[in-house]
Amino acid sequence: MICLEGSVRYLEYDWVATPGAFIYETPGLTHTLVTDDPKGVKLFGWLQGPLEWYDDKGNFVETSDVWWFMNHYESYCREHNIALNKQLYL
């Protein structure tokens, strides 16, 4: 990820990313992303592979992968009567 505006940090680590900072997350990293900036934060990020989500007790909740994101996008569009952007599937 790259921090574009504002600031962001992880609760578990002692650093703050500000505009221009590059945030690299290694596989298996567990973290809680937060911002203390009153205007929030704007990040640019990209994913390689699935994300696993856990609750506050460490129990597995779900996996988000490309198929999950596609389903999420298409379901949202259907529910709100929004045409799919076919350019996303090229």
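Refer to the structure presented above.
Parameters and conventions
- Residues numbered from 1 in each chain as written.
- Predicted model: local features only at pLDDT ≥ 70, side-chain atom pairs only at ≥ 80, totals over all residues.
- Heavy atoms only, no water.
- Helix = DSSP H or I, 4+ residues; strand = E, 2+ residues; numbered from the N terminus.
- Rg over C-alpha atoms; globule rule 2.2 N^0.38 Å.
- Buried < 20%, exposed > 50% of the residue type's maximum accessible area, 1.4 Å probe, protein only.
- Contact = heavy atoms within 4.5 Å.
- Areas by Shrake-Rupley, 256 points an atom, 1.4 Å probe, with all protein chains shown as cover.
- Lys, Arg positive; Asp, Glu negative; His and termini not counted.
- Charge placed at Lys NZ, Arg CZ, Asp CG, Glu CD.
- Pairing = 2+ DSSP bridges.
- Patch = residues over 30% accessible without salt bridge, like charges linked within 9 Å, V, L, I, M, F, W, Y side chains within 5 Å.
- Salt bridge = Lys/Arg side-chain N within 4 Å of Asp/Glu carboxyl O.
- Expected span 1.5 Å × (residues − 1).
- Core = buried A, V, L, I, M, F, W, Y, C linked by side-chain atoms within 4.5 Å.

Participant: Give a detailed account of the overall build of the chain, specifying residues and quantitative values.
Facilitator: A tally of helices and strands in the chain yields one helix and six strands. If you list the helices and strands of the chain from N to C, you get β-β-β-β-β-β-α. In terms of C-alpha radius of gyration, the chain reaches 16 Å, well past the compact-globule figure of 12 Å for 90 residues. Projected onto its principal axes, the C-alpha coordinates of the chain cover approximately 40 × 30 × 25 Å. Taking all 90 residues of the chain together, the buried fraction comes to 12%. Long-range contacts, defined as pairs at least 24 residues apart, comprise 30% of the intrachain contacts of the chain with a sequence gap of at least 6. Working note: accessible area of the chain is about 7,500 Å², and carbon and sulfur atoms make up 56% of it. For the chain, the distance from the average position of its 6 positive side-chain charges to the average position of its 13 negative side-chain charges is 9 Å.

Participant: Now, about the pairing of strand β6 (residues 60–64): what can you tell me, with residues and values included?
Facilitator: Bridge count between strand β5 (residues 51–54) and β6: four bridges; the pairing is antiparallel. Following the sheet pairing, E52 is matched in β6 by T63. Connecting β5 to the antiparallel partner β6 that follows it, the hairpin turn spans five residues, and G58 within it adopts a positive phi of roughly 85°.

Participant: Could you give an account of a nonpolar patch on the surface, naming the residues involved and the relevant values?
Facilitator: A grouping of L4, F22, Y24, F44 and W46 is seen on the molecular surface, where their side chains present a nonpolar patch of about 610 Å² in accessible area. Mapped onto the elements, W46 comes out in the loop between β4 (41–44) and β5. On the basis of relative accessible area, W46 is assigned to the partly exposed category, the value being 45%.

Participant: Which residues make up helix α1 (residues 66–79), and what values do they have?
Facilitator: For α1, with 14 residues, the first-to-last C-alpha span of 20 Å sits near the 20 Å given by 1.5 Å per residue. Once α1 finishes, N81 follows within two positions and takes phi at roughly 50°, a positive value.

Participant: Could you give me a rundown of unusual backbone geometry, with the residues and numbers involved?
Facilitator: When glycine is set aside, most residues are seen to have a negative phi, and most peptide bonds are trans. At N81, a position not held by glycine, the phi torsion is positive, near 50°. Along the chain, N81 turns up in the segment after α1.

Participant: Talk me through the nonpolar core; I want residue IDs and the actual numbers.
Facilitator: One broad trend across soluble globular proteins is that nonpolar side chains are buried collectively. By size, the foremost hydrophobic cluster in this structure holds six residues: M1, C3, V8, Y10, A17 and I23. Y10 has contacts with M1, W15, I23, E25, L29, H31, T32 and L33, leaving out every residue within four places of it along the chain.

Participant: Run through the pattern of salt bridges, naming residues and quoting values.
Facilitator: Taken as a whole and assessed by the stated rule, the structure comprises two salt bridges. The closest approach of N and O atoms between E5 and K42, which form a salt bridge, is 3.5 Å. Pair noted here: E5 is in strand β1 (residues 2–6) and K42 is in strand β4, with a separation of 37 residues, a long-range link. Owing to a relative accessible area of 44%, E5 belongs among the partly exposed residues under this scheme. Ionic pairing is found between R9 and D36, a salt bridge with its closest N-O pair at 2.5 Å. Placement of R9 in strand β2 (residues 9–10) and of D36 in the loop between β3 (33–34) and β4 is noted, with a sequence separation of 27 residues between them. A relative accessible area of 23% means that R9 is categorised as partly exposed. Here D36 falls in the exposed class, since its relative accessible area comes to 55%.

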